[in-house]
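What the coordinates show
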Amino acid sequence: MLIGIIWLFISLVFSIFTSDEQKVADPDEITNYIEKINQFVLQSFNEKQQLVHFVEADKYYNFKDEPALLLDPKVITYNAKGEEIYTLTSKRANYLDDGKIKFNGKVDINSKSGINYQINAKELSINTKTNDLMSDKQIVYLDKTAQVIAQGMRMKAIDDKMRLIGKTIINQDSGQKILTRNLFIDQAKSKKRYYSKHKTTYLASGNKIDSQGLDMDMNKGIATLLGKVKILQKSGTKIDTKTLTIDQSKGHDIYRTTEKVHYQSKISDIRAKKGMRYDAKDQKVRLTGGVVGRYE
């Protein structure tokens, strides 16, 4: 039932973005503007006369009672040294009176470090004073092997770290789903680390695993569930332990821990002092170190 609800949520999110894109007006149908500029270009400088951002768009429309509209915008942001930070491209954006730029729909973000972010956002704003990126509405972050859905985001211009806000779903291409909150995505220095200090639920291979946090190396395919961990199998078997590592690198999940393990099924109650190796695909569990069991 839980998995069905998750899929429904994901479908609703994508339908929202799809319907928004369909509502984008054809340029030939825009007639209520008071000013139109083709091949629009704008440079913005700070009080020290340093270039802060460079904006160009295929078309610029200015309206009387609505924010200005940019079609096919490209925004380049700069740091105090005059170095590029981000380049953002999209099909449309609004240029607000306070100088902020608000993107709608699909946004490609290219970092100076070479990292590319693809985001579907109902709203994604760039603060033209700090060059930080933010959204307070649902976004979908498209990773190479996962789709991450959250209720908002923040990204500081000084590093390659994204903070996703509120309830977050990681939907992996290999079938695993992870539910958590306030997820950080850190891609500095060529790494790709997802982590959260909030309660996390991992769903895969018929198992539901609850933990107190997540630290995941997406490059290596290794997820670590932090704190107290409870595994609930569809058969009703329960496994209690701490700090569980899940190896996804070979196409299926291998669970490992060196902590104490308490294994409870309908017919057995087993405790192990030094750990466990559990192949979720083959449903094979190996308990190690001072194993004591009771069978009914």
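Residues numbered from 1 in each chain as written. Predicted model: local features only at pLDDT ≥ 70, side-chain atom pairs only at ≥ 80, totals over all residues. Heavy atoms only, no water.

**Observations concerning the packing of aromatic side chains**
Inspection of every chain in the model, using the stated rule, returns six aromatic pairs. Aromatic side chains Tyr 117 and Tyr 141 sit 6.2 Å apart centroid to centroid with 45° between the ring planes, which places their arrangement in the tilted category. Of this pair, Tyr 117 sits in strand β8 (residues 116-126) while Tyr 141 sits in strand β10 (residues 139-142), and the two are 24 residues apart along the sequence. Pair check on accessibility: Tyr 117 and Tyr 141 agree, each one buried. Centre to centre, the rings of Tyr 255 and Tyr 278 are 5.0 Å apart; their planes meet at 85°, and the pair counts as edge-to-face. Of this pair, Tyr 255 sits in strand β23 (residues 254-257) while Tyr 278 sits in strand β26 (residues 276-279), placing them 23 residues apart in sequence. In this structure an aromatic cluster arises from ring pairing among Tyr 33, Tyr 61 and Phe 63. (Phe/Tyr/Trp six-rings, centres within 6.5 Å; stacked < 30°, edge-to-face > 60°. Helix = DSSP H or I, 4+ residues; strand = E, 2+ residues; numbered from the N terminus. Buried < 20%, exposed > 50% of the residue type's maximum accessible area, 1.4 Å probe, protein only.)

**Considerations on the confidence of the model for the protein chain**
Parts of the prediction with low pLDDT should not have their coordinates interpreted in detail. Averaged over every residue, the pLDDT of the protein chain is 86; residues scoring 70 or more account for 90%. Here residues 1-23 is modelled with pLDDT under 50, and outside its nearest four sequence neighbours on either side it reaches 30 contacts, counting other chains as well. (pLDDT = per-residue confidence, 0-100. Contact = heavy atoms within 4.5 Å.)

**Let's talk about a positive patch on the surface**
A contiguous patch of positive charge, built from Lys 228, Lys 242, Lys 260, Lys 273 and Lys 274, is present on the exposed surface. Within the secondary structure, Lys 242 is located in strand β22 (residues 238-247). For Lys 242, a relative accessible area of 44% gives the class partly exposed. (Patch = residues over 30% accessible without salt bridge, like charges linked within 9 Å, V, L, I, M, F, W, Y side chains within 5 Å. Areas by Shrake-Rupley, 256 points an atom, 1.4 Å probe, with all protein chains shown as cover. Salt bridge = Lys/Arg side-chain N within 4 Å of Asp/Glu carboxyl O. Lys, Arg positive; Asp, Glu negative; His and termini not counted. Charge placed at Lys NZ, Arg CZ, Asp CG, Glu CD.)

**Overview of the environment of Tyr 117**
On the basis of relative accessible area, Tyr 117 is assigned to the buried category, the value being 0%. Filtering out sequence-adjacent residues up to four positions away, Tyr 117 remains in contact with Val 107, Asp 108, Ile 109, Ser 111, Tyr 141, Met 155, Asp 160, Met 162 and Gln 187.

**Comments concerning the pairing of strand β3 (residues 68-71)**
Consecutive side chains along a regular strand alternate between the two faces of the sheet. A two-sided burial pattern is seen for β3, the buried positions comprising Ala 68 and Leu 70 on one face and Leu 69 and Leu 71 on the other. Pairing analysis gives three bridges linking strand β2 (residues 51-62) to β3, with the strands arranged antiparallel. Within β3, the residue paired with Tyr 60 across the bridge is Leu 70. Hairpin geometry of β2 and β3 is characterised by an intervening segment of five residues between the two adjacent antiparallel strands. (Pairing = 2+ DSSP bridges.)

**Overview of unusual backbone geometry**
With glycine set apart, most residues show a phi of negative sign, and most peptide bonds adopt trans. Within the chain, Asn 182 stands out as a residue other than glycine whose phi angle is a positive 50°. In the Ramachandran plot, Thr 243 falls in the positive-phi region, its phi being about 45° despite a non-glycine side chain. You can see Thr 243 is positioned in strand β22.

**With respect to the environment of Ser 268**
With respect to the element layout, Ser 268 can be found in strand β25 (residues 268-272). The residues contacting Ser 268, other than those within four sequence positions of it, are Tyr 263, Arg 294 and Tyr 295.

**Quick word on the pattern of salt bridges**
All told, the structure shown has ten salt bridges when counted by the stated rule. The partner of Arg 193 in a salt bridge is Asp 215, and the shortest N-O contact between them spans 3.0 Å. Linking Arg 193 in strand β17 (residues 193-196) with Asp 215 in strand β20 (residues 213-217), this pair joins segments that are 22 residues apart in sequence. Arg 193 sits in the partly exposed class, given a relative accessible area of 29%. Taking relative accessible area as the criterion, Asp 215 reaches 26% and is therefore assigned partly exposed. Residue Lys 208 pairs with Asp 210 through a salt bridge whose shortest N-O separation is 2.9 Å. Classification of Lys 208 as partly exposed rests on a relative accessible area of 30%. Judged by its relative accessible area of 28%, Asp 210 is partly exposed. In this structure, a network of salt bridges that share partners links the residues Lys 102, Glu 123 and Lys 137.

**A short note on the pairing of strand β11 (residues 146-150)**
Taking burial as the measure, the five residues of β11 include four buried ones, the bulk of the element. Counting the residues that bridge the hairpin from β10 to β11 gives three residues. In terms of strand pairing, β11 meets strand β14 (residues 167-172) through four bridges, oriented antiparallel. Of the residues in β14, the one forming a bridge with Val 148 is Ile 170.

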